[in-house]
Amino acid sequence: MADGLVALNSTIELMKDLGRPRGDMWEVAVWEELVTVEGDEAYLTYQVYNEAIVVPETIDAIRALTGSAPDAVTSMTMTDSSLGMRQDFLVDHLPVLSGDQP
């Protein structure tokens with residue numbers, strides 16, 4: 001939220017800025033600011049685009065059916081790479097601090 005992602009539409013705009021078709025986000029996003037632990041319970045908020053989340057699984061299923069990848073891990077790695085899956089969407093947009101550390 002501190003980076004300006006305050007609603008679903010701002011996330012879609014970020015995905016478009018990253019070159020994703022139609023603003024699709026194939027990853028499941030967990031909002032760091034909305035992760036809370038109280039006692040033995042954890043609370044979190046995450047975002048899933050139902051229209052897009054099935055894309056990677058469908059690609060891997062096709063590979064499994066056709067035998068075009070030797071195993072699931074290889075297929076998932078290939079899919080993640082070809083779709084440009086990311087662990088952090090904003091790493092390229094973070095300001096550079098002293099010592100060239102983002």
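A brief report on the enclosed structure follows. Quantities reported herein were computed from a predicted structural model and do not represent experimental measurements.

1. What to know about the overall build of the protein chain
Along the backbone of the protein chain there are three helices and four strands. Of the regular secondary structure in the protein chain, the N- to C-terminal order runs α-β-β-β-β-α-α. Expressed as a percentage of its 102 residues, the buried residues of the protein chain come to 25%. A separation threshold of at least 6 residues defines the contact pool for the protein chain, and within that pool the share at least 24 residues apart is 47%. Total accessible area computed for the protein chain in this model is approximately 7,300 Å², and 58% of it derives from carbon and sulfur atoms.

2. Thoughts on the packing of helix 2 (residues 50-66) against helix 3 (residues 72-83)
Look at helix 2 against helix 3: their axes get within 10 Å of each other, and the N-to-C directions meet at 135 degrees. Between helix 2 and helix 3, the angle is such that the two are oblique. By crossing handedness, the relation of helix 2 to helix 3 is classed as right-handed. Two secondary-structure elements touch here, helix 2 through V55, P56, I59, D60 and R63 and helix 3 through S75, M76, M78, T79 and L83. Residue classes in the contact of helix 2 with helix 3 are distributed as six nonpolar, two polar and two charged.

3. Regarding the environment of Y46
Mapped onto the elements, Y46 comes out in strand 4 (residues 46-47). By relative accessible area, which is 52% here, Y46 ends up exposed. Leave out the neighbours within four places in its chain, and Y46 touches V28, A29 and V30.

4. Structural notes on the pattern of salt bridges
Overall, the coordinates contain four salt bridges when judged by the stated rule. The salt bridge partner of R22 is D24, with a shortest N-O separation of 2.5 Å. What makes R22 exposed here is its relative accessible area of 66%. By relative accessible area, which is 12% here, D24 ends up buried. Here R63 makes a salt bridge to D60, at a shortest N to O gap of 3.5 Å.

5. A look at a nonpolar patch on the surface
A surface patch of nonpolar side chains, about 520 Å² in accessible area, is lined by V28, V30, V35, L44, Y46 and V48. Take V30: it is sitting in strand 1 (residues 29-30).

6. Focus: helix 2
In this model helix 2 runs 25 Å from its N-terminal to its C-terminal C-alpha over 17 residues, within 8% of the 24 Å that 1.5 Å per residue would give. Of all the residues in helix 2, the buried ones are A52, I53, P56, D60 and R63. Of the residues one or two after helix 2, G67 is the one with positive phi, at around 70 degrees.

Rules behind the numbers
Residues numbered from 1 in each chain as written. Predicted model: local features only at pLDDT ≥ 70, side-chain atom pairs only at ≥ 80, totals over all residues. Heavy atoms only, no water. Helix = DSSP H or I, 4+ residues; strand = E, 2+ residues; numbered from the N terminus. Buried < 20%, exposed > 50% of the residue type's maximum accessible area, 1.4 Å probe, protein only. Contact = heavy atoms within 4.5 Å. Areas by Shrake-Rupley, 256 points an atom, 1.4 Å probe, with all protein chains shown as cover. Axes fitted to C-alpha atoms, helices over the stretch in contact; angles between N-to-C directions. Parallel < 35°, antiparallel > 145°, perpendicular 65-115°, else oblique. Left-handed = near helix turned anticlockwise from the far one by under 90°. Nonpolar A, V, L, I, M, F, W, Y, C, P; charged D, E, K, R; others polar. Salt bridge = Lys/Arg side-chain N within 4 Å of Asp/Glu carboxyl O. Patch = residues over 30% accessible without salt bridge, like charges linked within 9 Å, V, L, I, M, F, W, Y side chains within 5 Å. Expected span 1.5 Å × (residues − 1).

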